[in-house]
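Report on the structure
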Amino acid sequence: MSTAAGEGRTNYLNAASSVKSWLLTVDHKRIAILYLVSITFFFLLGSIFAGMVRVNLLSPYGDLLQAATYNKMFTMHGITMIFFFLIPSIPAVLGNFLVPIMIGARDLAFPRINLLSWYIYVVGGLFTLTAGVLGGVDTGWTFYTPYSSTYSNTNVMLTAVGVFITGFSSILTGLNFIVTIHKMRAPGMTWSRLPLFIWAQYATSLIMVLGTPVLAITVALVALERGLHIGIFDPALGGDPILFQHLFWFYSHPAVYIMILPSMGVISELIACFSRKRIFGYGFVASSSLAIAVLGFLVWGHHMFVSGQSVYAGLIFSLLSFLVAIPSAIKVFNWTATMYKGSISFEAPMLYAFGFIGLFTIGGLTGLFLANLGTDVHLHDTYFVVAHFHYIMVGGAIMGFLGGLHFWWPKMTGRMYPATLARAAALILFVGFNLTFFPQFILGFLGMPRRYHVYPPEFQVLNVLSTAGASILGLGYFLAFIYLLWSLKYGAVAEANPWGAVGLEWEIPSPPPTDNFDKTPVVTHEAYAYDEVQPHAAPEVSRV
Amino acid sequence: MWTGVRFLPERASTMAGQVDALLLFLVVVCVFFAGLIFVLVTIFAIKYRRRSADEKPRPIHGSLGLELIWTIIPLALAMVMFGWGAWVYISLSTPPADAMEIFVVGKQWMWKLQHPDGHREINELHVPVGRTVKLTMTSEDVIHSFFVPAFRIKKDVVPGRYTTAWFQATKAGEYRLFCAQYCGTSHADMVGRIVVMEPSAYEAWLRGGGMIESPAEAGARLFQQFGCIGCHLPDGKGRAPSLVGLFGKKVTLTTKQTVIADEAYIHESIVDPQAKVVAGYAPIMPTFKGLINEDGLAQIIAYIKSLGTDQKAKAE
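No experiment lies behind these values; they were computed from the predicted model shown.

Calculation criteria
Residues numbered from 1 in each chain as written. Chains lettered and ligands numbered in written order. Predicted model: local features only at pLDDT ≥ 70, side-chain atom pairs only at ≥ 80, totals over all residues. Domains from an automatic or database assignment. Contact = placed C-beta atoms within 7 Å. Helix = DSSP H or I, 4+ residues; strand = E, 2+ residues; numbered from the N terminus. Nonpolar A, V, L, I, M, F, W, Y, C, P; charged D, E, K, R; others polar. Axes fitted to C-alpha atoms, helices over the stretch in contact; angles between N-to-C directions. Parallel < 35°, antiparallel > 145°, perpendicular 65-115°, else oblique. Pairing = 2+ DSSP bridges.

Residues and elements named next belong to chain B. Here the domain parsing of chain B yields domain 1 (100-207) and domain 2 (215-315). The distance between the C-alpha centroids of domain 1 and domain 2 comes to 26 Å. Between domain 1 and domain 2, the residue contacts involve 10 residues of the former and seven residues of the latter. Elements with a minimum of two residues in the side of domain 1 that touches domain 2: strand 1 (100-107), strand 2 (110-114) and strand 5 (132-139).

Written as C-alpha cells, this is what we have:
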C-alpha cells in the first residue's frame, strides 16, 4: 500500500469539485465533511446563545436581557447544542468517516441512507432555526409539561417538529453503523480485534436506534396536546405531567451516553497511540461500553427524585444509577493503567485526552452526588447540576471530539495544523473550562437555582468568575477554529501515518481515495498491537 | 446576612446537618479518587515520557486481579453511598407526626401559603423555631418546586396532585425560598423568604392578624355556598355519601376497587366526580372544575378533615 500522499493523487476530496458532487455524494467521507460543516455552524450558534446567558449573569439584576429573552437564550442554547451539535458530533462526523475505514470496508452498508440522514438533519435544523427566527422558544430543552403543552406562548410546535425530524437522522445513522459493523468487517477483523472506537460507536448506535423513537413519540404527544388539546400531560385536560418526565428522560438520559460513549472510544484510540501501548484490559473497556448502553436505559428516574414519584421508585433508580457509574470508573482506571510503562508523547490530541480524563473524572464523580437520594434533594435543579453535566458534555464529549478531530484531521484533510498553537488551544480550553464551570458547583451547593434570569447578590462573585472563564473558553475555541481553517490551505502536507499509529485508517493515504482500499485488507493483528506491527510510516520526519 | 461571599450554605433545619454529613462523605471519597487518578496520570506522563522516537514499550494486556479490585472497591463504596442516601431520603420524605400543617399553592409566579389558623401569606412564611412544619402543596398551573437551601429541602409542586415536604427549623432568621422548577417568564422572580421566629414572637405575629376564618371554617362556608350540603347529608341519607369521618378511610368504588380517601382523592372527586364513584351511589355529581380554585379546594378538604379522620387507616 502507498505510504505518502502526493499532492496530485486522486483522493475523496479532489475526485470531483462541483457543488452537486458534494450535495449528492454517497461517499461516507464526504458526508462526514458535510456533517462537520453543519455541526460547526450549530456549535457557533449555540455558543452565541451561551455567551448571552453568561454576559447577562454578570449582574444579579439581569441588566442585559429581559426575562423572556433570557429564557429563550438558555432554551435555544440547550436545544442547539444537544440535538444539533453534541448528538451528531462524533458519530456523524468521526464515526461516518472512520467506521468503514477502521473495519476495512469501502463504505457504510447503506450509503444512500447515510446521505438521507444528513438531509433529514438539515431539514430538522431548518425547522428549529425558523422557530428561532420567528421569536424563539422558552420551554427549556426539557420541554416540561404542562408548561410546554399549554402555557408557553412561544414557538414550541416548530421546535418540536425540528427535534422530531432530526431524531430520524440519528436513528438512520445508528442503524447504518450497526449493520456495517456486523456485516462489513474485513477478513480477520474479528469482534475481539475491533478498535475500541468501533465498540463505542456500536454501543452508541444501539441507544440511538432504541431510544430515539421514544423521544419522537414524546414530542409528538406534546404537539398533540398543544395543537389538538388531547389530554395527555396537562391535568386540566385529564393528563399527568409526571408521565411526560418519564417518557422524556427514558430517551434523554441514554442520550447523555450517546454524547459521551463515542468520546470514550476516541480517548481509547488516543491513549493507545500516544502511549504506544495496547489498551490495558481491552475486553473490560469494550464491554463496559455495552454495559453503559444497557444500564443507561434503566436510570431515567434519577431526574425525578423530587418530582413526586414514589419513594420506592426513587430507591430503585438511585441504586441503578450507582451501578451505571461503575463501568465508567473501569474505563478511567484502564486508561490510566495503559499509560503505565508506556512511551508517552505530548502531541495536541494527547493533551485533549489528558483534559478528558481530568474533566470526565470530575464530571463522573459529581454525578454520584446526584445519583445519591440524600444529596440530590438539595442539589437538584441548581447550578450543581449545570456544572455536572457540562463537565460530562463539554469537558468529556467536546474534549473527546476535539481530541479526535485533531488526531484524524491529517487523515481527513491531508494537512497538518500548527502543533504549538494546537497545544496552546488545548491548554486554554482546559483552564477556561474549569474557571467557567467549577464555580457553578459551589453556586449550586449554596442553592442558586438554574434557569434564573436574576439572582440574589451573594451569588455574584462566583457568577463573574464563571463568565470570565467562559470568555477564555470562547478564546480557545476561536483559536482552534482559526488554525484548523488555516491549515486547510497552508498546513504542511500530512503523511499517511503522521502519529506512528496502528489501525487500518493509517495504512491508506491521507486523504484516503474514494474507495478507501485498493484491495480489501486482511487483518492479522489485534487492535493496538504496537509491539507486533511496525507502523507503516514510522515518523522519520519530525512532526511539526 | 445576605451579603458577602460564602462557600457553605446556611444550616438551619434538623435535616441540614444530616444532608451535609453525607455530602462531606461524598466529597472525601470523590476527592480521593480524583486525586488518585490525577497523581497517577501525572506520574506516568512524566516517568514514561517518550525519550527516543523508536521506543517500543513492552505490551501489557491487562490484569484480572486489578480489574476486580477497581470494580469491587468502587462498587462497595457506591453501595454505602446509596444506603446512606436512601436513609436520608426516607427521613426527608417522612414527616414526623403532629406537624403543623401549612398549605402551599404555587402559581405563575407567586407562592400562596396558608397557616392552620387561616393566616394567609404571599411569598413569605412565618414559622416558629423548633416546631415540625409539614407542607402540603399543589399548583394552579405549571410545575413549580419549593426549595429552601438553608433547610436542604426541595419538592416539586405539581398541578393535579398534592406533594408534601417537611422541615423543623433550628434557628431564628430569614432564609431564602426559591422556585427551583422552571415555570416560565418570571421564574426567577418566584422567590420569597421563610421567617423563622422564636415561639413567643410567632404567637405575637399570629395575634397581629386579628380574627381570621380558619381553612375549615372557610371550607364549611364553601360547602354551603356550592350546595354540596344538599346531597352529602351528614346522616348518610342523602343522594351522596356522608363525609363524616371520611378522611383517611378506605372507600369501595362502583368498580369494586378500593381507594384511601386522602387529599388527592377528594380533590379529584370535586373536579372530576365521575372518575371514582362510591359503590351504591349514582354518578350524578356535577364537576366543580374551574368554579373553585385551589385555595377553595384546600379549604373544603380542610373542612372534610374537620369532620373526623380515620387515624388508623391514615397511619398505614
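Between chain A and chain B, the contact holds 76 residues from the first and 76 residues from the second. Secondary structure elements with two or more residues in the side of chain A that touches chain B: helix 3 (67-102), helix 5 (147-151), helix 8 (241-275), helix 9 (282-295), helix 10 (311-339), helix 11 (348-371), helix 12 (373-379) and helix 14 (419-446) of chain A. Sort the elements by how many residues they give to the side of chain A that touches chain B and helix 10 of chain A lands first, with 15 residues. Residue composition of the side of chain A that touches chain B, by class: 47 nonpolar, 21 polar and eight charged.

Residue and element names in this part refer to chain A. In this structure, proline 146 follows threonine 145 across a cis peptide bond, with omega equal to -5 degrees. For proline 146, the position within the fold is in the loop between helix 4 (111-133) and helix 5. Serine 510 connects to proline 511 through a cis peptide bond whose omega is -10 degrees. Residue placement: proline 511 occurs in the segment after helix 15 (460-490). The backbone of aspartate 381 shows a phi angle near 60 degrees, a positive value even though the residue is not glycine.

All names here are of chain B. Contact pair helix 4 (residues 215-225) / helix 6 (residues 294-306): the axes reach a minimum separation of 7 Å and the direction vectors enclose 100 degrees. Judged by the angle between their axes, helix 4 and helix 6 are roughly perpendicular. The residues of helix 6 that touch helix 4, namely those facing Pro215, Ala216, Ala218, Gly219, Ala220, Leu222 and Phe223, are Gly296, Ala298, Gln299, Ile300, Ala302, Tyr303 and Ser306. When grouped by side-chain class, the residues that make up the contact of helix 4 with helix 6 number 10 nonpolar, four polar and no charged.

Quick look at the sheet that holds strand 1 of chain B now. All names here are of chain B. Overall, mixed pairing links the five strands, which are arranged 3-2-1-5-8 in an open sheet. The open sheet has two free edges, formed respectively by strand 3 (120-122) and strand 8 (163-168), since each of these has just one partner strand. On average, adjacent strands in this sheet sit at an angle of 25 degrees to one another, irrespective of strand direction. In terms of strand pairing, strand 1 meets strand 2 through five bridges, oriented antiparallel. Across the sheet, the residue bridging to phenylalanine 103 is glutamine 114, located in strand 2.

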